[in-house]
Amino acid sequence: QSAVGAFCWCCFALVAGGLVDTQRDRLERVMLVIWVMMGVAFAFSSAHLGTPTRGINAILRFGSVPLSNEIVFGSAFAGLGFLRWLMLVFRFGGEGVRKSLLWLTLATSLAFLWSMASFYLMSTVPTWDTPLTPAAFALTALIGGGAVAATLFAAARIDTPGILRVGPAWLAGAALVGAVFVTLAQSTSLSAINSSVKHAAELSPDYAALMMLRFLLLFLALGLWFRQVTRGNTLAVHLGTVCVILVLTGEWVGRGVFFGLHMTVGLL
């Protein structure tokens, strides 16, 4: 989700950010970080399939199975984005082709984000099958993606005042407030979810402590970030990296709780 959010911000910067040619070139090059993130994420997510070779079978169900959609759209997002990066670095392909690829990559990134969330909307898993799941995924994209994008902007030396300096921070801050409300709504809803053998509220006895740890990390990252923004300073790369690490760690904690809440409506 963070890779998708970062790419959306970078796409906005390239299209409407008012960048000079040197800034555009530096930003395009440092966007390699996004494709490395996608590569690492795919390496971990292949464990869902048991073996990566099963991905071929999953692709054949594209359009009818959410997991297949996730694999196809995720592969398209990473593949098209990395192809465009190669075209820029090695100077092949025209400007029109690269611009078309940018818009196509943006479309696949949004489809990828939705397919990720929709995979968990299973009628047999009541703790996941709620509007809170896609909301949480989108909020992660805004929080984590904003932190990654701001750090990439710093690496590309985009230091002019404007939306690219303050926008990612303010949007991430609003998303963090939204994440608090989503968490409160989820904790309240758990008491009403149960099967004949399980109560959702008992699945994660450390729910409150883990979520407190998550938000401690997220608010610490946002605090460091906002300290620079409110002073009118450009975010330094090293500070941005610290914020990204704190945000991703916090979201890993939250996602661990999410997976720990898995239960089915039957007896298993």
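Sequence positions are assigned chain by chain, starting from 1 and proceeding in written order. Where local features are concerned, this predicted model is filtered to residues with pLDDT of at least 70; where side-chain atom pairs are given and counted, the filter is 80 or more; whole-chain, interface and lining totals use all residues. In computing side-chain values, all of the structure's heavy atoms are included and hydrogens and water are not.

(A) Spotlight on the environment of Thr264. Under the scheme used here, helices are H or I runs from DSSP no shorter than 4 residues and strands are E runs no shorter than 2 residues, and both carry numbers assigned from the N terminus. Counting through the fold element by element, Thr264 comes out in the segment after helix H10 (237-260). Given a relative accessible area of 22%, Thr264 falls into the partly exposed group. Each C-alpha atom, one on Thr264 and one on Ala221, is 35 Å from the other, the two residues being 43 residues apart in sequence. Note on contacts: a residue pair is in contact if any heavy atoms of the two residues lie within 4.5 Å. Contacts of Thr264, omitting those with residues within four sequence positions, involve Thr124, Pro126 and Ser195. Accessibility here uses a 1.4 Å probe with only protein chains present; expressed as a share of the type maximum, an area under 20% marks a residue as buried, one over 50% as exposed, and anything in between as partly exposed.

(B) Examining the layout of surface pockets more closely. Two kinds of site are reported from a 1 Å grid over the protein atoms alone, namely cavities, where a 1.4 Å probe fits but cannot get out, and pockets, open sets with protein on both sides within 12 Å along at least five of seven lines, and residues are called lining when an atom falls within 4 Å of a point. Grid points are joined across faces, edges and corners, and a volume is the space filled by probe spheres set on the points. Of the volumes computed, that of the largest pocket is approximately 1300 Å³. Looking at the largest pocket, it is lined by 42 residues, and the ones nearest its centre are Gln1, Met37, Val40, Ala41 and Trp252. Counting only elements with at least two residues in the lining of the largest pocket, the list comes to helix H1 (2-16), helix H3 (32-45), helix H4 (55-59), helix H5 (66-89), helix H6 (95-119), helix H7 (132-155) and H10. Here the lining of the largest pocket is built from residues that sort into 29 nonpolar, 10 polar and 3 charged. By volume, the second largest pocket amounts to about 170 Å³. Lining the second largest pocket are Val4, Gly5, Cys8, Trp9, Phe12, Leu110, Leu113, Ala138, Ala141, Leu142 and Leu171. For the lining of the second largest pocket, the element with the most residues is H1, which contributes 5 residues. Each residue is assigned to one of three groups, with Ala, Val, Leu, Ile, Met, Phe, Trp, Tyr, Cys and Pro labelled nonpolar, Asp, Glu, Lys and Arg labelled charged, and all others, Gly among them, labelled polar. Tallied by class, the residues present in the lining of the second largest pocket amount to 10 nonpolar, 1 polar and no charged.

(C) Spatial organisation of the pattern of salt bridges. Each salt bridge in this description consists of a side-chain nitrogen of Lys or Arg and a carboxyl oxygen of Asp or Glu lying within 4 Å of one another. A complete count under the given rule lists 5 salt bridges for this structure. Between Arg98 and Glu95 there is a salt bridge; the shortest N-O distance is 3.0 Å. Taken together, the residues Arg98 and Glu95, both in helix H6 and 3 residues apart, mark about one turn of the helix. Two residues, Glu251 and Arg214, come together in a salt bridge whose shortest N-O distance is 2.9 Å. Of this pair, Glu251 sits in helix H10 while Arg214 is found in helix H9 (residues 207-230), placing the two residues 37 residues apart along the sequence. Accessibility classification places Glu251 together with Arg214 in one group, the buried group. Here the residues in one salt-bridge network are Asp25, Arg29 and Arg91, joined through shared partners.

(D) The arrangement of unusual backbone geometry in detail. With phi around 55°, Arg91 is a residue other than glycine that occupies positive phi space. Topologically, Arg91 is positioned in the loop between H5 and H6.

(E) Structural view of the environment of Gln23. Topologically, Gln23 is positioned in helix H2 (residues 21-30). Spatially, the C-alpha atoms of Gln23 and Ala192 are 52 Å apart, while their sequence positions differ by 169 residues. Sequence-distant contacts of Gln23, that is, excluding residues within four places in its chain, are made with Ala156, Arg157, Ile158 and Asp159.

(F) Just empty space enclosed by the protein, in detail. Under the criterion given, the structure shown has 3 cavities of 30 Å³ or more. Size it by volume and the largest cavity reaches roughly 260 Å³. Together, 23 residues line the largest cavity, and Ala136, Val182, Gln186, Arg214 and Phe258 are the ones closest to its centre. At the level of elements, H7, helix H8 (163-190), H9 and H10 are the ones that each hand at least two residues to the lining of the largest cavity. Of the residues belonging to the lining of the largest cavity, the class tally is 12 nonpolar, 8 polar and 3 charged. One number sums up the size of the second largest cavity: a volume of about 100 Å³.

(G) Up close: the packing of aromatic side chains. Stacked, edge-to-face and tilted labels apply to pairs of Phe, Tyr and Trp rings (six-membered ring for Trp) whose centres lie within 6.5 Å, assigned for plane angles under 30 degrees, over 60, and everything in between, in that order. Applying the stated rule across the entire model yields 18 aromatic pairs. Between the aromatic rings of Phe119 and Tyr120, the centroid separation amounts to 4.9 Å while the plane-to-plane angle is 80°, which identifies the pairing as edge-to-face. We classify Tyr120 as buried; its relative accessible area is 8%. Geometrically, the ring pair formed by Phe215 and Phe219 is tilted, given 6.4 Å between the ring centres and 45° between the ring planes. With a gap of 4 residues between them, Phe215 and Phe219 both fall in helix H9, about one helical turn apart. Assessed through its relative accessible area of 11%, Phe215 is described here as buried. Phe219 gets classed as partly exposed once you look at its relative accessible area, which sits at 46%. Linked through ring pairs, Phe119, Tyr120, Trp128, Phe137, Phe258 and Phe259 together constitute an aromatic cluster.

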